Amino acid sequence: MTSLFDQFEQASMKTRNNNFTTAEMSSLGYINMTLEQDAPIFSKTKKDFTPSDKITHVAIANKQLAVAMANNTLFRMNLNNPQQHDEISLAKYTATCRLTNLFVDPTGNHLLLTFAPKSLEGGPELLYLSRKSNKLKSTTKFRGHEFTEVAWNHLNDSESTTGPILLGTSKGLIFETEIVLEGDKFFTSGFSSSLEQYWRQVFDIGKGTNTPITGLEYHKVLGGDKYVIFAATPSRLYYFVGRAEHEEKPLLQQVFNRYLNIPEKDTYIDSESNLKYSRLKFWSENLTVPNSFAWTTEKEIICGQFESGVDDSMSTLKKKTRTIKYPKPLYEDYSVSQKYPIAIALTEFHILLAYTDTIKGVCLLNEDVVYEDNYNEAFGKLINMVKDASTGEIWAITENAVFRFKVTKEERNVWQIFCENQQFDLAKKYSRGNEAFHNQVLIKEADMLFNRKEYKLSAQRYAETQSSFEEICLKFIQVEQQDSLKIFLRRKLDTLKPQDKTQITMIVIWVVELYLCKLEEKRLAGLEQSAAYSDVQKEFETFLALSEVSDCIKKNKSTIYELMSSHGDKSNLIKLTIVNKDFEQLIRHHIYKNSFHEALEVLKSQNKHDLYYQFAPILMQELPKYTVKALIEQGKKLVPVRLLPALVTCEGELHAKEVMKYLEFCIDKLNNTDKAIHNFLLSLYAKHDKDKLMQYLNAQGQELSLVNYDVHFALRLCQDNADLKEACVQLSGLLGLWESAVDLALTINLKLAKQLADMPPEEDVELRKKLWLKIAQHVVSGKNDIQQAMEFLQQCDLIRIEDILPFFSDFVTIDHFKEAICNSLKEYNQHIQDLKDEMEEATKSAHLVREDIQSFRNRFTFISSDETCEVCSVTLMIRPFYMFPCQHKFHTDCLMNELNPLLGPAKKNKLADLERQLKILNSQTNVDNVSTGSGMSAREIVKSEIDNIVASECLFCGENMIRNIDKPFIEDYEYDKIAKEWE
């Protein structure tokens, strides 16, 4: 057994031979730190079991141990519970025979013991032992055959039957049988007590020679009726595959029948051997159908992969096999003959070789010895090494001890071997658990592809590594592989996290630059219409559509736009601005190309109204008609005042016409009242359209507070233009400059002056008369036309003949005014007569009023004793009261209480003061004797004034009731109370 020091030295040698050094790992940003030494791949522990005698044979399955000892005893034990054990004597059978082997099925329920005769007198035996029984049973059908191998049914889980099994003999015969306990047989043959349900020879490999079957196993392919069978002899490995379409027994006869007409050489692989035995073992990932196998002969180990659903013949299986030489001893002793393994155990990547004094572990991938364990005399020589078919555990059994092997991460270093063999898919598979190792595999694969000049594939692999970004980029740049560099950058972009904003930005801009260079190169070569150019363009558009790329471009738009512009890629620039809805840049680009119509269409297609204010100046200069149409279509969405800078810069008749059109729309349709808009429109009218100016001024009216333009600005503007006198007249009148307005109007036409003279307020007679006199003076003094002056007097009733006489020259005789003077005198006489008539009518009316007053004083009515107050509904005559001509009657105090809230503040205060005076007067004596100048006492005067306030009109019929018609019948503070009363 090797010492701990020797094992440490071996591990150190392995580490020194490792191609992936610590320096390499550190250069990639990984720290090669190990807190404790890795556990060895193979380690063993001794089972707490001491046999009563030397062990000669052993079988283990499903934690059930069966050992045969030199004292002719069979010992069985449950390895999970060592207390469950028993011993069975074999002395009865070993008297004439010797035990050759033990075979236990995968469930541990069925055990077969094979015996060979010691002399010619005896014969071979096959005994059966159930786990539930201590009694050995003999199989009568197979007497005379020495069985060397058993192929168990791996799908059988019954405790009472083995299911169909295969038995191999020392002469190369293969039998199929099924052993069933007596009580579970389906049929019997007379009174036979045989264990075999049926038995039949199904194949003969030996062909009459002493060729023993040294390995035998069969499996059913899951999900069908397909079976695979392996059979080994000392020098050959046979492989059979076929279907058992019928359930009739023997079941596997159908598989072997297929090979009766197939040349034997197509059913096996051979290896020269002088040994009388070989070993065949399997490894299964899920402990069902095997995935690989190993077959040891005298000269070599043949191992291979196996796929039950694919490998239908030995020829396909041969392609997956390879040969491994036996490990050489550390110190070769030529005096000692070559040792061969007595048993083997197969794992996924290693094979354990058991010799009589040592166990070696060999890696199947590189044939290195990774484990060696020597057994000293204390434990005795090795008897066997067994792998539990149900649990996968490996057991080593010596003459005096039982050891269990533990396999720990046997795949830990296989990635290095796969990597060295350039089996990178497998290397990546087994290195995923360690990021540093996985990265090394990717680097090796990428380097290999790069050296083979498979640049695009290498770029994909480099992107998955943690290698220096700059170093990889330089490698592709040096070999001028821009497409591969582009692939590397794109794949690298996929590996970045959203928070790696700087790296994402750099890569995106670089990839965009590479695409633009590629497209520019093809355009310069005249391939813009080719399929290759279209493919690159589609690839570029796909890249730009990626979410992380789109987000990056939005944050770096100016840089991307500059790149596209520098490469002259106008098409992609326009597409990008449309995708990103960067209409500002798109409009700028169209304007830069003098494509003003396209720019206007883009402007109309978007919803950012600020862009109208930004680009209206240049569009108004180039396309005034279409721009104004677009502005009008926007309607209230735009603020006209913000468009003024664009409109003011326009010059020329055509531009002015369109600007006026938009301003008129703002005023007429949008009802805009901004003074700036109105002033600008007025200035354009003053310059380009005088008729519309007057229409505009007339539409605005003559009320200074209602016009929307600056009148002073308008007046100054019109005064600067000699052709706008009429507008000056109207504006002067609007400002109240009536005299100057009339003076200016007289220079235009007399009719305008007359209209202006009638505009001042009617109550300002003096002003109107003054204006008319100005007009009269102009008419008389200018033309000295008496007839026209007389007609003028008829047009204005404020001026008389005497007002205009001073304007005539001294040479004019009175004869010329005779008619006018006579008419004036007649008018005076008529006016005097009208005044007399009015005075007479007033005198008559006063007389009628006095008569009515006198009649009211003598008027009376009858009141019955049951009359009640209209307010309180109490008898009227018990308190002072008022009665109105409308027949409504009120107590004095009720009337005053109802009327008081309805009076105004002045009357309310006066009524309170009169009541206070009346109260004072009532408290004084002899007040009635005190008379005033009117002949009435002071009390009567106060009461009369109170009556004038209280009784001037009926409470229900007077104006107070009409004024308070909107007053609710129920006050707010009374609502809740009345609502409860109505419930």
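Residues numbered from 1 in each chain as written. Predicted model: local features only at pLDDT ≥ 70, side-chain atom pairs only at ≥ 80, totals over all residues. Heavy atoms only, no water.

The name an unreviewed UniProt entry gives the protein chain is Vacuolar protein sorting-associated protein 18 homolog, with Tenebrio molitor as the organism. Database annotation for the protein chain, UniProt heading Subcellular location (unreviewed entry): "Late endosome membrane". Listed under Sequence similarities (unreviewed entry) in UniProt, the entry text for the protein chain is "Belongs to the VPS18 family." (UniProt positions renumbered as here; feature names shortened; annotations may be inferred.)

A.B. asks: Even after reading the chapter, I still don't get a negative patch on the surface, so can you show me in this structure?
C.D. replies: Judged by side-chain charge, D834, D837, E838, E840 and E841 come together as a negatively charged surface patch. One can find E838 in helix α32 (residues 818–857). On the accessibility criterion, E838 (51% relative accessible area) is exposed. (Patch = residues over 30% accessible without salt bridge, like charges linked within 9 Å, V, L, I, M, F, W, Y side chains within 5 Å. Areas by Shrake-Rupley, 256 points an atom, 1.4 Å probe, with all protein chains shown as cover. Salt bridge = Lys/Arg side-chain N within 4 Å of Asp/Glu carboxyl O. Lys, Arg positive; Asp, Glu negative; His and termini not counted. Charge placed at Lys NZ, Arg CZ, Asp CG, Glu CD. Helix = DSSP H or I, 4+ residues; strand = E, 2+ residues; numbered from the N terminus. Buried < 20%, exposed > 50% of the residue type's maximum accessible area, 1.4 Å probe, protein only.)

A.B. asks: Can you help me understand a nonpolar patch on the surface in this one?
C.D. replies: A contiguous nonpolar surface patch, about 220 Å² in accessible area, is contributed by V871, F956 and M961. In this fold, M961 is placed in helix α36 (residues 959–963).

A.B. asks: Would you explain the packing of helix α18 (residues 596–605) against helix α19 (residues 610–622) in this entry?
C.D. replies: Relative placement of two packed helices is described by the angle separating their axes and the distance separating the axes. Contact geometry of α18 with α19 gives a least axis separation of 11 Å together with a crossing angle of 150°. Looking at the two axes, α18 sits roughly antiparallel to α19. As for how α18 packs across α19, the hand of that crossing is left-handed. Residue-level inspection shows F596, A599, L600, L603 and K604 of α18 in contact with α19, the latter providing L611, Y612, I618, L619 and E622. Among the residues forming the contact of α18 with α19, the class breakdown is eight nonpolar, no polar and two charged. (Axes fitted to C-alpha atoms, helices over the stretch in contact; angles between N-to-C directions. Parallel < 35°, antiparallel > 145°, perpendicular 65-115°, else oblique. Left-handed = near helix turned anticlockwise from the far one by under 90°. Contact = heavy atoms within 4.5 Å. Nonpolar A, V, L, I, M, F, W, Y, C, P; charged D, E, K, R; others polar.)

A.B. asks: When you look at the sheet that holds strand β26 (residues 382–387) in this model, what are you seeing that I'm missing?
C.D. replies: Sheet strands pair via backbone hydrogen bonds, and the direction of the pair is either parallel or antiparallel. Pairing is antiparallel in the open sheet, where four strands are placed in the order β1-β28-β27-β26. One side of each edge strand has no neighbouring strand; the edge strands of this open sheet are β1 (42–46) and β26. Across the sheet, the axes of successive neighbouring strands diverge by a mean angle of 25°, strand direction being ignored. Strand direction decides the pairing type here: β26 and strand β27 (residues 394–398), joined by five bridges, are antiparallel. Looking at the pairing, V386 lines up with W395 of β27. (Pairing = 2+ DSSP bridges.)

A.B. asks: Can you help me understand the packing of aromatic side chains in this one?
C.D. replies: Here the distance between the centres and the angle between the planes together describe a pair of aromatic rings. Using the criterion set out here, one finds 42 aromatic pairs in the structure. Ring geometry for Y515 versus F543: centroids 5.8 Å apart, planes at 35°, classification tilted. Of this pair, Y515 sits in helix α12 (residues 501–524) while F543 sits in helix α13 (residues 531–545); the two residues are 28 residues apart in sequence, bridging distant segments of the chain. Accessibility assignment for this pair places Y515 and F543 in one class, buried. Ring centres of F890 and F956 lie 5.2 Å apart, and the angle between their planes is 85°; on these two criteria the pair is classed as edge-to-face. With F890 in strand β30 (residues 889–891) and F956 in the loop between α35 (938–950) and α36, this pair connects stretches of sequence that are 66 residues apart. (Phe/Tyr/Trp six-rings, centres within 6.5 Å; stacked < 30°, edge-to-face > 60°.)

A.B. asks: Help me understand a positive patch on the surface in this model?
C.D. replies: Among the surface-exposed residues, K625, K629, K657 and K661 lie close enough to one another that they form a single positively charged patch. Relative to the elements of secondary structure, K629 occurs in helix α20 (residues 624–634).

A.B. asks: Just checking my understanding: could you explain the nonpolar core for this structure?
C.D. replies: Side chains of a nonpolar character, in soluble globular proteins, are inclined to be buried together. Counting 56 residues, the largest nonpolar core has L647, Y662, L663, L693, L697 and Y709 as its most contacted members. Excluding residues that lie within four positions of it along the chain, L697 makes contacts with L682, Y709, A727, Q730 and L731. Within the second largest apolar cluster, 38 residues are counted, among which are I174, I205, A231 and I302. (Core = buried A, V, L, I, M, F, W, Y, C linked by side-chain atoms within 4.5 Å.)

A.B. asks: Would you mind going over the pairing of strand β14 (residues 215–220) with me for this structure?
C.D. replies: Side chains on a regular strand alternate between the two faces of the sheet. With respect to burial, β14 is a largely interior element, five of its six residues being buried. Across six bridges, β14 lies against strand β15 (residues 226–232) in antiparallel orientation. Considered in β15, the bridge of E217 is made with F230. Remark: five residues form the turn of the hairpin made by β14 and β15, two consecutive strands paired antiparallel; G223 in that turn has positive phi of roughly 85°.

A.B. asks: Would you explain the confidence of the model for the protein chain in this entry?
C.D. replies: Model confidence for the protein chain is summarised by a mean pLDDT of 81, while 84% of its residues fall at 70 or above. Within the model, pLDDT remains below 50 along residues 1–36, and this stretch shows 36 contacts once partners closer than five positions in the same chain are excluded. With pLDDT under 50 throughout, residues 186–192 is counted as low confidence; its partners more than four residues away or in other chains account for four contacts. (pLDDT = per-residue confidence, 0-100.)

A.B. asks: Can you help me understand the pattern of salt bridges in this one?
C.D. replies: Oppositely charged side chains may form a pair once their charged atoms are brought near each other. The tally for this structure, following the rule as stated, stands at 26 salt bridges. Across the salt bridge formed by D266 and K265, the nearest N and O atoms sit 3.5 Å from each other. Relative accessible area serves as the criterion here: at 56%, K265 is assigned to the exposed category. For K428, the salt bridge is made with E445, and the minimal N-O distance between the two is 3.2 Å. Separated by 17 residues along the polypeptide, K428 in helix α7 (residues 424–429) and E445 in helix α8 (residues 435–451) bring together distant segments of the chain. Of the two residues examined, K428 and E445, each falls in the buried class.

A.B. asks: Mind showing me how you'd approach the environment of K381 here?
C.D. replies: Mapping K381 onto the fold places it in the loop between β25 (369–374) and β26. Along the primary structure K381 and D357 are separated by 24 residues, whereas in three dimensions their C-alpha atoms are 5.6 Å apart. Contact partners of K381, with chain neighbours within four places excluded, come to T356, T398 and E399.

A.B. asks: Sorry, what's going on with the environment of M961 here?
C.D. replies: By relative accessible area, M961 is classed as partly exposed at 37%. When the C-alpha positions of M961 and L902 are compared, they lie 8.8 Å apart, and in sequence the two are 59 residues distant.

A.B. asks: I keep staring at unusual backbone geometry and nothing clicks. Help me out?
C.D. replies: Glycine aside, the phi torsion of most residues is negative, and most peptide linkages are trans. For the bond from K249 to P250, the omega torsion is 0°, close enough to zero to count as cis. Of note, P250 is situated in the loop between β16 (236–243) and α4 (253–257). Unusually for a residue other than glycine, N671 sits at a positive phi of about 55°. Position of N671 among the secondary structure elements: in the loop between α22 (653–668) and α23 (675–688). The exposure class assigned to N671 is exposed, which follows from its relative accessible area of 56%.

A.B. asks: I keep staring at the side chain of H678 and nothing clicks. Help me out?
C.D. replies: You can see H678 is positioned in helix α23. Classification of H678 as buried rests on a relative accessible area of 0%. If we skip the residues at most four places from it in the chain, H678 touches I667, N672, T673, Y696, Q700, N708 and Y709.

A.B. asks: How do you make sense of the sheet that holds strand β18 (residues 279–283) when you look at a structure like this?
C.D. replies: Reading across from one edge, β18-β19-β20-β21 is the order of the four strands in this open sheet, with antiparallel pairing throughout. Looking at which strands have only one partner, the edges of the open sheet turn out to be β18 and β21 (321–324). Strand-to-strand twist of the sheet, defined as the mean angle between neighbouring strand axes without regard to direction, takes the value 20°. As judged from the five bridges shared by β18 and strand β19 (residues 292–296), these two strands associate in the antiparallel manner. Looking across to β19, one finds that L280 is bridged to W295.

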